[in-house]
Amino acid sequence: MGQFQINKDGALKLKKSLDRESQSFYNLVVQVHDMAPPPASRYTSSAEVSIILLDVNDNPPSFISPKLTYIQENTPTDTIVFRAQATDPDSGPNCYIQYSLLSSLGNKFSIGNIDGEVHLTGELDREDVSNYTLTIIATDKGEPPLSSSVDVTVMVLDVNDNNPRFSQSIFKVEISENTLTGTDLIQVVASDADEGLNGMVRYSIIEGNPNNEFRIDSVTGVISIAKPLDREKRSSYTLVVQSSDRGSNSRTDTATVSIILTDVNDVVPKFELSPYSVNVPENLETLPKVILQIFIP
């Protein structure tokens with residue numbers, strides 16, 4: 001065998017260092033023969049030597065579990081987030097492993113010493129913290145103990161738990177009544193702290209626009225004139241606009257847009273009772289004298 005050698009005195013020696021984790025047992029055949037000179041016969045004999053390697057704690061635990069896991073932000077506390085797993089090629093107490101957390105930001109997680117199960121111990125909010133890095137330590141029970149560590153990233157997945165909020169509750173704008181159709185008047189803006197579709201906002205007018213004089217761009221929130229306006233028919237509008245996210249359970253917010261029309265000189269004065277008729281006596285003495293008062297609305 002390459003690892004052993006025997007000298008002429010029968011002393012069995014090591015040629016190379018041994019590793020129980022590579023081979024824990026050797027079965028050697030040792031042969032001995034005499035040195036009788038010719039023509040005398042020579043005789044040999046053999047014996048089996050079994051060598052069993054005893055373990056020493058020379059291997060730290062090695063992690064085999066993933067380094068990345070995902071969890072939704074509304075996950076209940078005490079839920080198992082994932083299971084850390086490490087192996088140790090040593091034997092006996094040298095391969096018994098215990099787990100611990102080096103740190104846990106905000107005390108949101110705990111770990112089972114024996115099973116390596118990581119539990120959620122506090123509520124999560126992706127909008128506050130979107131990921132956590134947990135340093136897990138695996139320690140064997142050898143003498144002295146050996147340990148290793150791994151960083152596991154916990155990604156917090158979004159749920160639709162935030163309404164799209166308008167930047168203000170009331171928007172005001174004044175426009176001339178002869179403003180052209182298609183003119184942009186104002187942009188309403190709402191933001192949503194969620195991500196993906198849960199944070200994608202769309203806009204609509206839900207009240208105050210029965211004749212569709214105004215329209216709103218569903219993506220940008222820009223309100224524009226859709227039909228000609230006439231202050232003499234209606235001098236102001238109060239629109240209720242809504243922001244909605246695109247989550248599976250859509251959440252909304254509303255705001256008010258006050259639009260005031262300012263006057264332009266676009267109406268010709270008219271005599272309502274024309275022609276007028278008045279009788280004037282010819283002998284009026286006090287002049288000038290009012291003989292007719294005309295009112296134009």
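Residues numbered from 1 in each chain as written. Predicted model: local features only at pLDDT ≥ 70, side-chain atom pairs only at ≥ 80, totals over all residues. Heavy atoms only, no water.

- An unreviewed UniProt entry annotates the protein chain as Cadherin domain-containing protein originating from Aquarana catesbeiana.
- Entered under Subcellular location (unreviewed entry) in the UniProt record, the comment concerning the protein chain runs "Membrane". (UniProt positions renumbered as here; feature names shortened; annotations may be inferred.)

### Here we look at the environment of Q242
Now for step 1: Residue placement: Q242 occurs in strand 21 (residues 236-245).
Now for step 2: Taking the C-alpha atoms as reference, Q242 lies 9.9 Å from S218; in sequence the two are 24 residues apart.
Now for step 3: Residue contacts for Q242: discarding those within four places in its chain leaves F166, R202, Y203, S204, I206, T252, D253 and T254.
Now for step 4: At a separation of 3.2 Å, a polar atom in the side chain of Q242 contacts the side chain of S244. (Helix = DSSP H or I, 4+ residues; strand = E, 2+ residues; numbered from the N terminus. Contact = heavy atoms within 4.5 Å. Polar contact = N/O pair within 3.5 Å; in protein donor to acceptor, adjacent residues only side chain to side chain.)

### With respect to a nonpolar patch on the surface
Now for step 1: Taken together, the side chains of F25, I52 and L54 present a nonpolar region at the surface, about 370 Å² in accessible area.
Now for step 2: Residue position: F25 is located in strand 3 (residues 25-33). (Patch = residues over 30% accessible without salt bridge, like charges linked within 9 Å, V, L, I, M, F, W, Y side chains within 5 Å. Areas by Shrake-Rupley, 256 points an atom, 1.4 Å probe, with all protein chains shown as cover. Salt bridge = Lys/Arg side-chain N within 4 Å of Asp/Glu carboxyl O.)

### Details of the UniProt feature "domain: Cadherin" (unreviewed entry) in the protein chain
Now for step 1: Under the UniProt annotation, the feature "domain: Cadherin" (unreviewed entry) is placed at residues 4-63, 63-166 and 167-271.
Now for step 2: As annotated, residues 4-63 has a helix share of 0% and a strand share of 43%, and its two end C-alpha atoms lie 34 Å apart.
Now for step 3: Structurally, residues 167-271 comprises 0% helix and 46% strand, and the distance from its first C-alpha atom to its last is 50 Å.

### What to know about the pattern of salt bridges
Now for step 1: Throughout the structure, instances matching the rule amount to five salt bridges.
Now for step 2: We note a salt bridge from E127 to R126, for which the minimum N-O separation is 3.0 Å.
Now for step 3: Between D263 and R231 there is a salt bridge, with its nearest N and O atoms 3.1 Å apart. Here D263 is found in the segment after strand 22 (252-262), whereas its partner R231 is found in the loop between strand 20 (222-225) and strand 21, with 32 residues between them in sequence.
Now for step 4: One salt-bridge network, in which partners are shared between bridges, spans R126, E127, D158 and E195.

### Section: the sheet that holds strand 20
Now for step 1: Strand order in the open sheet formed by three strands is 16-20-19, with antiparallel pairing between adjacent strands. The open sheet has two free edges, formed respectively by strand 16 (184-187) and strand 19 (214-216), since each of these has just one partner strand. Strand-to-strand twist of the sheet, defined as the mean angle between neighbouring strand axes without regard to direction, takes the value 25 degrees. (Pairing = 2+ DSSP bridges. Axes fitted to C-alpha atoms, helices over the stretch in contact; angles between N-to-C directions.)

### Some points on the domain arrangement of the protein chain
Now for step 1: Looking at the assigned domains, one finds that the protein chain contains domain 1 (4-52), domain 2 (62-157) and domain 3 (165-262).
Now for step 2: On a C-alpha basis, the centroid separation for the pair domain 1 and domain 3 is 96 Å. (Domains from an automatic or database assignment.)

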